[in-house]
Amino acid sequence: MGVSIKKVFSAFIFDTFYTYSTVKVVQVPNTFVALLYRLLQLIIFAYIALYIVWYKQGYQQFQEPRGTSIIKVKGIAKVTGNSTISNVGTDSSHLWDTAEYQLPPLENNAFFIATRQTVTYNQVEGNCPSALEDKLICNTTSTNDTCPQDQPTPNTFGYFTGKCVDSVQNESVSVCEIHAWCPEELSKSTEYIMNSDDVANFTVYLKTVVTFTLFNITLRNVRDDTNFSCRYDKDNDPRCPIIRIGDILTNLKTNKTALLLEGGLIEIRQDWTCNFDFHQSRCYPTLEFSILQSGDDKNSPGVNYRSGQKYHQNGTDYRILSKIYGLRFVIAISGNGGQFNIVNLFVAIGSGIGFMVIADIVCDAIFTYIHKYRQRYRQGKFSTVEISSSRLHSEENLVR
Amino acid sequence: MGVSIKKVFSAFIFDTFYTYSTVKVVQVPNTFVALLYRLLQLIIFAYIALYIVWYKQGYQQFQEPRGTSIIKVKGIAKVTGNSTISNVGTDSSHLWDTAEYQLPPLENNAFFIATRQTVTYNQVEGNCPSALEDKLICNTTSTNDTCPQDQPTPNTFGYFTGKCVDSVQNESVSVCEIHAWCPEELSKSTEYIMNSDDVANFTVYLKTVVTFTLFNITLRNVRDDTNFSCRYDKDNDPRCPIIRIGDILTNLKTNKTALLLEGGLIEIRQDWTCNFDFHQSRCYPTLEFSILQSGDDKNSPGVNYRSGQKYHQNGTDYRILSKIYGLRFVIAISGNGGQFNIVNLFVAIGSGIGFMVIADIVCDAIFTYIHKYRQRYRQGKFSTVEISSSRLHSEENLVR
Amino acid sequence: MGVSIKKVFSAFIFDTFYTYSTVKVVQVPNTFVALLYRLLQLIIFAYIALYIVWYKQGYQQFQEPRGTSIIKVKGIAKVTGNSTISNVGTDSSHLWDTAEYQLPPLENNAFFIATRQTVTYNQVEGNCPSALEDKLICNTTSTNDTCPQDQPTPNTFGYFTGKCVDSVQNESVSVCEIHAWCPEELSKSTEYIMNSDDVANFTVYLKTVVTFTLFNITLRNVRDDTNFSCRYDKDNDPRCPIIRIGDILTNLKTNKTALLLEGGLIEIRQDWTCNFDFHQSRCYPTLEFSILQSGDDKNSPGVNYRSGQKYHQNGTDYRILSKIYGLRFVIAISGNGGQFNIVNLFVAIGSGIGFMVIADIVCDAIFTYIHKYRQRYRQGKFSTVEISSSRLHSEENLVR
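As the structure is a computational prediction, the values presented were derived from the model and not from experiment. (Residues numbered from 1 in each chain as written. Chains lettered and ligands numbered in written order. Predicted model: local features only at pLDDT ≥ 70, side-chain atom pairs only at ≥ 80, totals over all residues. Heavy atoms only, no water.)

Some words on the overall build of chain A
Logical step 1: Within chain A one finds 11 helices and 18 strands.
Logical step 2: For 400 residues, the compact-globule estimate of 2.2 N^0.38 gives 21 Å, and the C-alpha radius of gyration of chain A, at 39 Å, exceeds that figure by more than 25%.
Logical step 3: On the principal axes, the C-alpha backbone points of chain A span a range of 120 × 65 × 45 Å.
Logical step 4: Here chain A, with 400 residues, has 53% of them falling under the buried criterion. (Helix = DSSP H or I, 4+ residues; strand = E, 2+ residues; numbered from the N terminus. Rg over C-alpha atoms; globule rule 2.2 N^0.38 Å. Buried < 20%, exposed > 50% of the residue type's maximum accessible area, 1.4 Å probe, protein only.)

In C-alpha cells:
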C-alpha cells in the first residue's frame, strides 16, 4: 500500500519518544582485535588531547598585539665636514648631539639617526650650469637635442634653459644650463660625516606599551624592577630597555662602512609571545634586529632624504638644502597572545570524536575481509532482508 | 537485584579488553538505495575534500603581513605665487623640487606632496583688526557682544581685545580687533599653486619589505630582476615599483581640480596574497589606489595643515606661517599568507566525518518510513526487548 | 583457508554497491530512557546551535580593521615665558596657536600638543663651563679624574675639554669645562609654559576611514548626518567626531599637573566592532581614552624631545635648541568585523555532530551496567560469535 503521512508521522513520534533505540551488537571474544581496537582509540585520543589540544594549544584563541613605543636616543658624535667638490679649505670639525642627528625628532614607532649630510648653502632660484656629474655635456651646435628647453632634467632638479654654457667646475667643458635652485647640490656642497665609533656608543631607550584588545590586557616592557644603568644583551640582560646602537650593528650581516655612509633600514622586532592562561606578568618581549635595507644594496642602496631650510636676506629667498643619509630604525611589534577559548576547544574535541570511527572501520575490515573465520563472523554480524522477493523468503531471512 | 559496583566494573573490563564489540548489521539488497547511500557519502566527502579543504584552503593557517616601505618621490614643478587678498603685484613664478613639496620629508609608510601653500610673511604677536572673512563686523556701541574681551576668536587664531577698529582690507568697515599673530592669514597672505601637469609627472618609488612572522618569511617587492626604467602599469607592468602620480590620479573617481587645490587622502594598498606551500618567490604584491578623502567632500574637504618658521630680527620674533594643502598618500599593506597547518586540516576533516552520518539518516528514513516494504524492513532491522514485561515474552523476543 | 585478494575485493564491491547495509537496532520501550536520550541530544544541539554558532558567532569569520585618520587640532593658548635659571627679567606672555604647539604638524594616526618648551637661544659650538645641575664639580688638582679629556659628558651634551673652570651660574664653584653647543641648556634657557585651562579647551577633530580588506568594506566615522557643532560625549553624543581635550583628560586617572608639565602619552582607541551580516551602515566606532605614559611615572616620566633650528649670522652658525614637552596622542584602531563564513559554520556544526555520540554512550551505559533488567537488555542487545571455537557451538550462537 502507499505511504500515509499520518501513519509515518505517528510511527516516527512513537519511535522517538516512547522507545529507546540502540544498535544491536555482536560481541567477538577475541583479545587481539579487542586490544587493537582500544589501542587505535587510544592513539586517536592521545593525538587529540596531547597534540592538537595541548601541544598545538588548540584550546586557545590568539591575537597579535598592538603597541606604541616612547623612544629616546642618547649620545654625542664628532663630525668632520669638508667641501666635497672643489677641495679647497681644510676639514672642519663639528659636534652633533641628539637635536642635530635625530631627524625628524619625533616619530611613531621609528627613529632616524643621521650619519652623513650633504649640505648646499645659499641656494637661489635661477639659472646655472649643471654639474659635471649630471653628464649633460653639450656643444653650442646641438643644444636642442641634449638640452631640450623647458624639459625637466633627468635628475629632476630643474628645467633645461636650452642654453649651453661652461661648467663652473671645469671651464674647458660645456654643459647644459638649467633653471633650478642654484648652485646645484652636485656642483658645490659640503659633506659632513659622523665619526663611526661615536655612533656605536649611542644608546636608544625603548619604552613600549602593548595591548591585546581581545583579552583586554596591557603590558609594558619597562617595569618597576627595571634597572636603568643596564645595557641590552641577548644572553645576559634580555629585558633591559636600553640598547647600544653598536650592539645592534654588530649583529647585522652587512657592510658596516657602507651602512653608515649610505644609510640603511633596520628593523627592531619586539616579539611578545604570551600565554595568558598562566601569569601574564611573566611575559616579556624578546628583541630581534634585522637589516631590511643595506648600504651596499645593488638596487637603490641606503636610505636618504632631502630637506630644505629657507631664509630671507636683502630681498632674496635663500635655501639651505641638506641631503641626509642615516640609519632608519623601525620598531615592529609582533607576537601572539593566547587565552583559553571555549569555542576553539569545543571544535578541536568535537572534530576529534569524528576520528574515533576510524578504529571501528579498521577492526571491522579485519574480521569482514581478512580474518580466518570471516565467514562465521559475517554470518554473525550480517543478516539479510529480502524486501523485494517473496514474503516467505524474507520470513526465512528474519529467522536466520 | 541491586547494582553491585564490583560486578558492573568487572563486566565493563571484560567487555572492554577481551571482547571486540561491533554493531549487528542488516543488509538490504537494494541497488537503488545502496547507490543513493554511496552517492550521499561521495557528495559529503567531495564537499569536505574539494570545497572546504582544497578550495577554501581549510588546511592552511593564515597571517596578515606587516611591512615597511622606503619611499622616494621624484619630480620638479613650476609654481605660481600671487598675493591672494590685495591683488597688487603681478604673479611670480617659482620652482618646487622634492625638498620643497615633500613635507615632512620623511614619514613611515606615508608621504605628502604639497600642491598649494598659503604663506603669511612677517607675522608678529600683537593686536590687529580681524580679517573680513572672519565676519566679526562690529560697531563701537556694542563691542562687548560681538568682541567679548579675552575670549578666543571663533577660528581660534587669537583673542578678542574688546576693541572695534577699522578693517585693513576695507577702511569703511569696522571689525573686532584681535590679539594674535598679525597680520592674520586671511587678511594678508601669498598663495602658491603648483602646476597640475607637473604633479602628474612626479614619480614615486616604493621599496617594500614585508614579514610574515608566523612563517618566518620575509618578502620584497624589489628583486634583482627589477628594471628601474619601468613605470607601474596595472596590466602591462604590475610589478614595477616606480609609479607615476598621474597614473594614480587618473584611476581615482574624484574631482581632480579640487583634489590638487584642496588636497586629499589617497591610499596605496599593497596586497600580498601568498600561498607559501608553493614557491613563495612567485609572490608579488598587487597595488590598489583608492581615495579616502576627496577635495570636494561636503564634510571638511581636502587635507591641509599649518606650519610656522620663526626668525629673529632687530629684537623682535617674526614668524612665517604656511598653510600647506596637498596629496597625502598612505601605504597600506594588506593580504594573507597561507601555509599548511596540521591543526586546521585535522579540524576540517574531523568535523567533516561527522557529516557522514547524514547519509545513514536519509537512507534509513527512506526504508523505515517511506519504502513500500518498510514493514518487512522494520521487522528485519528492529527487534524489541520488553525489559519490564514477563520473562517469556522477552524470551520470545530474543528468538525472533 | 587463506585470504584471496580477489575474493575479498569482489565481496567488498558487492557489499558496497549492491546492498545497503544498516545497523540492526534493538528497541526498548522505556519512556524514561527514551526521553533522557532525546533530552541529551537536545542539550547538545542547543549548545551547538545557540551557544557556539549563534552566541559565540561560530558561523562568522572575523578580521581586525585597518585605518587612517585625518586629524585637526584647534585652539589657542596663552603662554608665560621666563628665564629659568638666572631669574632676571619679568615673565613675558605669548600666544601659541596650532602652528606653534602642534609639532610635528603632520603625523600618521598620531598628534602632539606641546604644553611646555625649554628654549636655549644663540647656542654656538665651543667651550663653556658645564651647568651646576650636571654636578661636575672639580678642583684644579684632580681634573683628570672628574673631567677626563675628550670623554663624553654623562648627559652626552658634549665632551670634556679636561679643564676645570668657574661656573657661570656661581663664580665660587669650579666645574668641568665642556666642548659642546654653548651655553648649555641647563645653565641658561627660557621656559615657556602653556596655560592649562586653555589646553583643556582645545578640540581635536578625528576623521577616520577604516577598511576590512577581507570583506572589501570601507567605513567612515564622519557621515553626511554628522553635525559639526557637536562635542564628543560618551553618553550623550558618542558619534561626534570633535573631542574636547579637557574631556579626554578628565577621564584619565593621572596627575593632570604633572601631565601638562612633563608631558605624557595618551591612547585614543577607536573600536570598530561590526556585524556585517546586518546593516553595516549601523556600525559606528566607540572611543576609549587611556594613559600609556603618565607625567609622574617613576621610570622616565613624561614625553619630551629636542629640536634645533640653525641660523647663520656674521659668519657664525647659531642654533636655537628647544626641549619640547607635551601630550602625545596616538590613535589606535581596533575592533572586529564579522561576516558569515561557510567554512567556520561547517566546522562548528560538523564538530558538534560528533558530540551527539555522548547521548548514546550515556543511555547505553545505563541499560548495560545500571538498569534493573540489564541482563535481559544485554541478551537482547548483544549476541556472541565464537569465531575460534567448535563449528557447532558457533552455529548454536547464530541461531540464538
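Structural notes on helix 1 (residues 5-17) of chain A
Logical step 1: Helix length check: helix 1 of chain A, at 13 residues, gives a terminal C-alpha distance of 18 Å against a target of 18 Å (1.5 Å per residue), a fit within 8%.
Logical step 2: Here the buried face of helix 1 of chain A lies against helix 9 (357-370) and helix 10 (374-381) of chain B together with strand 2 (25-28) and helix 2 (31-55) of chain C. (Expected span 1.5 Å × (residues − 1). Contact = heavy atoms within 4.5 Å.)

What to know about the interface of chain B and chain C
Logical step 1: Facing the 99 residues of chain B at the interface are 69 residues of chain C.
Logical step 2: Buried area between chain B and chain C, summed over both chains or domains, comes out near 7100 Å², and the portion from carbon and sulfur atoms is 56%.
Logical step 3: Between D297 of chain B and K207 of chain C there is a salt bridge; the shortest N-O distance is 2.8 Å.
Logical step 4: Counting across the interface, chain B meets chain C through 21 residue pairs in polar contact (both at pLDDT 80 or more).
Logical step 5: Here the residues of the side of chain B that touches chain C are counted per class, giving 48 nonpolar, 30 polar and 21 charged.
Logical step 6: Where strand 18 (residues 382-384) of chain B and strand 2 of chain C come together, 3 bridges link them in parallel fashion. Residue F382 of chain B lies in a different strand from strand 2 of chain C, and its bridge partner there is V25 of chain C. (Buried area = accessible area lost by both parts, 1.4 Å probe. Salt bridge = Lys/Arg side-chain N within 4 Å of Asp/Glu carboxyl O. Polar contact = N/O pair within 3.5 Å; in protein donor to acceptor, adjacent residues only side chain to side chain. Nonpolar A, V, L, I, M, F, W, Y, C, P; charged D, E, K, R; others polar. Pairing = 2+ DSSP bridges.)

Side note on the pattern of salt bridges
Logical step 1: Under the counting rule described, the total for this entry stands at 36 salt bridges over all chains.
Logical step 2: E64 of chain A is the salt-bridge partner of R66 of chain B, the closest N and O atoms lying 2.9 Å from each other. Of this pair, R66 of chain B sits in strand 4 (residues 66-74) while E64 of chain A sits in the loop between strand 3 (60-63) and strand 4 (66-74), placing the two residues on different chains.
Logical step 3: Owing to a relative accessible area of 28%, R66 of chain B belongs among the partly exposed residues under this scheme.
Logical step 4: In this structure, R116 of chain C engages E262 of chain C in a salt bridge whose closest nitrogen and oxygen atoms are separated by 3.4 Å. Taken together, the residues R116 of chain C in strand 7 (residues 110-129) and E262 of chain C in helix 7 (residues 256-262) connect sequence positions 146 residues apart.
Logical step 5: Residue classification places E262 of chain C among the partly exposed residues on the basis of a relative accessible area of 25%.

Points about the packing of aromatic side chains
Logical step 1: Counting across every chain of the model gives 35 aromatic pairs over all chains.
Logical step 2: Here F111 of chain B and F329 of chain B contribute two aromatic rings whose centre-to-centre distance is 4.6 Å and whose plane-to-plane angle is 10°, an arrangement assigned as stacked. Of this pair, F111 of chain B sits in strand 7 (residues 110-129) while F329 of chain B sits in strand 17 (residues 316-340), and the two are 218 residues apart along the sequence. You'll find F111 of chain B and F329 of chain B in the same group, each marked buried.
Logical step 3: Cluster of aromatic residues (ring-pair linked, three or more members): Y47, Y51 and Y55 of chain A.
Logical step 4: Across from the ring centre of Y159 of chain A, 3.8 Å away, lies the NZ or CZ of K78 of chain B, which sits over that ring.
Logical step 5: Over the ring of Y284 of chain B we find R223 of chain B, and its NZ or CZ is 4.0 Å from the ring centre. (Phe/Tyr/Trp six-rings, centres within 6.5 Å; stacked < 30°, edge-to-face > 60°. Lys NZ or Arg CZ within 6 Å of the ring centre and 35° of its normal.)

Structural notes on the UniProt feature "transmembrane region" (unreviewed entry) in chain A
All names here are of chain A.
Logical step 1: The residues that UniProt annotates with the feature "transmembrane region" (unreviewed entry) are residues 35-54, 320-339 and 345-370.
Logical step 2: Helix makes up 100% of residues 35-54 and strand makes up 0%, while its end C-alpha atoms are separated by 26 Å.
Logical step 3: Secondary structure across residues 345-370 divides into 96% helix and 0% strand, with the first and last C-alpha atoms of the span separated by 38 Å. (UniProt positions renumbered as here; feature names shortened; annotations may be inferred.)

Some details on the sheet that holds strand 2 (residues 25-28) of chain B
Logical step 1: The 3 strands lie next to each other as 18(A)-2(B)-1(C), forming an open sheet whose pairing is mixed. Each edge of the open sheet carries a strand with a single partner, namely strand 18 (382-384) of chain A together with strand 1 (20-23) of chain C. If you compare each strand with its neighbour and ignore which way they point, the axes differ by 30° on average.
Logical step 2: Its contacts with the sheet put helix 10 (residues 374-381) of chain A on strand 18 of chain A together with strand 2 of chain B, and the angle it makes with strand 18 of chain A is roughly 60°. (Axes fitted to C-alpha atoms, helices over the stretch in contact; angles between N-to-C directions.)

Focus: the domain arrangement of chain A
Logical step 1: Split by domain assignment, chain A resolves into domain 1 (2-57 + 347-399), domain 2 (66-121 + 191-340) and domain 3 (131-186).
Logical step 2: Once you take the C-alpha centre of each, domain 1 of chain A and domain 2 of chain A turn out to be 67 Å apart. (Domains from an automatic or database assignment.)

Regarding the side chain of K207 of chain B
Logical step 1: Checked against the element boundaries, K207 of chain B lands in strand 11 (residues 203-212).
Logical step 2: Residue class for K207 of chain B comes out buried when judged on its relative accessible area of 6%.
Logical step 3: Of note is the side chain of K207 of chain B, whose polar atom sits 2.8 Å from the side chain of D297 of chain A.

Concerning the interface of chain B and chain A
Logical step 1: Each partner contributes to the interface: chain B provides 69 residues, whereas chain A provides 98 residues.
Logical step 2: For the pair chain B and chain A, the summed buried surface comes to about 7100 Å²; carbon and sulfur atoms form 56% of the total.
Logical step 3: The element best represented in the side of chain B that touches chain A is helix 8 (residues 342-355) of chain B, accounting for 8 residues.
Logical step 4: Taken together, the residues of the side of chain B that touches chain A break down into 31 nonpolar, 21 polar and 17 charged.

Overview of the relation of the copies chain B and chain C
Note: a rotation about an axis with an accompanying shift along it relates these two copies of the chain.
Logical step 1: Least-squares fitting of chain B to chain C yields an RMSD of 0.3 Å, with the superposition described by an axial translation of 0.1 Å and a rotation of 120°. Viewed as a symmetry operation, the transformation between the two copies matches a three-fold axis. Proximity to the rotation axis, assessed at the C-alpha, singles out S351 of chain B in chain B; its C-alpha lies 2.4 Å from the axis.
Logical step 2: Of all interface residues in chain B, a mere 18% are interface residues in chain C too; the two copies therefore contact each other through different surfaces. (Least-squares fit on C-alpha atoms with pLDDT ≥ 70 in both.)

Examining the sheet that holds strand 1 (residues 20-23) of chain B
Strand pairing within a sheet occurs via backbone hydrogen bonds; the two strands may be parallel or antiparallel.
Logical step 1: Strands sit in the order 1(B)-2(A)-18(C) across an open sheet of 3 strands; the sheet is mixed. The open sheet terminates on both sides in strands that have one partner only, identified here as strand 1 of chain B together with strand 18 (382-384) of chain C. Adjacent strand axes in the sheet meet at a mean angle of 30°, parallel and antiparallel pairs treated alike.

Looking at the environment of I245 of chain B
Residue and element names in this part refer to chain B.
Logical step 1: Following the sequence through the fold, I245 ends up in helix 6 (residues 245-251).
Logical step 2: Residues I245 and Q151, 94 residues apart in the sequence, show an inter-C-alpha distance of 45 Å.
Logical step 3: Those residues within four positions of I245 in sequence are excluded, and the remaining contacts are F111, I113, V199, A200, F202, V204, L327 and F329.

Focus on the state of the cysteines
Any covalent bond linking the sulfur atoms of two cysteines counts as a disulfide.
Residue and element names in this part refer to chain A.
Logical step 1: Under the defined criterion, the tally for this structure stands at 15 disulfides over all chains.
Logical step 2: Each sulfur in the disulfide pair C128 and C182 lies 2.0 Å from the other. Across the S-S bond of C128 and C182 the torsion is about -75°, and the bridge reads as left-handed. Linking C128 in strand 7 (residues 110-129) with C182 in strand 9 (residues 174-182), this pair joins segments that are 54 residues apart in sequence. Like C182, C128 is buried.
Logical step 3: If one numbers only the bonded cysteines of chain A, in the order they occur, the disulfide pattern is 1-6, 2-4, 3-5, 7-8, 9-10. (Disulfide = S-S within 2.5 Å.)

Some remarks on helix 1 (residues 5-17) of chain C
All names here are of chain C.
Logical step 1: Every buried residue of helix 1 is listed here: V8, D15 and T16. Projection of helix 1 onto a plane perpendicular to its axis shows the buried side chains occupying an angular sector of 95°, all on one side. Set apart from the buried face of helix 1 by more than 90 degrees, the exposed residues are K6 and K7. (Arc of directions from axis to C-beta.)

Overview of a nonpolar patch on the surface
Logical step 1: A cluster of nonpolar side chains, contributed by F14, F17 and Y18 of chain A together with L35 of chain C, occupies part of the molecular surface with about 380 Å² of accessible area.
Logical step 2: Structurally, the position occupied by F14 of chain A is in helix 1.
Logical step 3: On the basis of relative accessibility, which here comes to 45%, the residue F14 of chain A falls in the partly exposed class. (Patch = residues over 30% accessible without salt bridge, like charges linked within 9 Å, V, L, I, M, F, W, Y side chains within 5 Å. Areas by Shrake-Rupley, 256 points an atom, 1.4 Å probe, with all protein chains shown as cover.)

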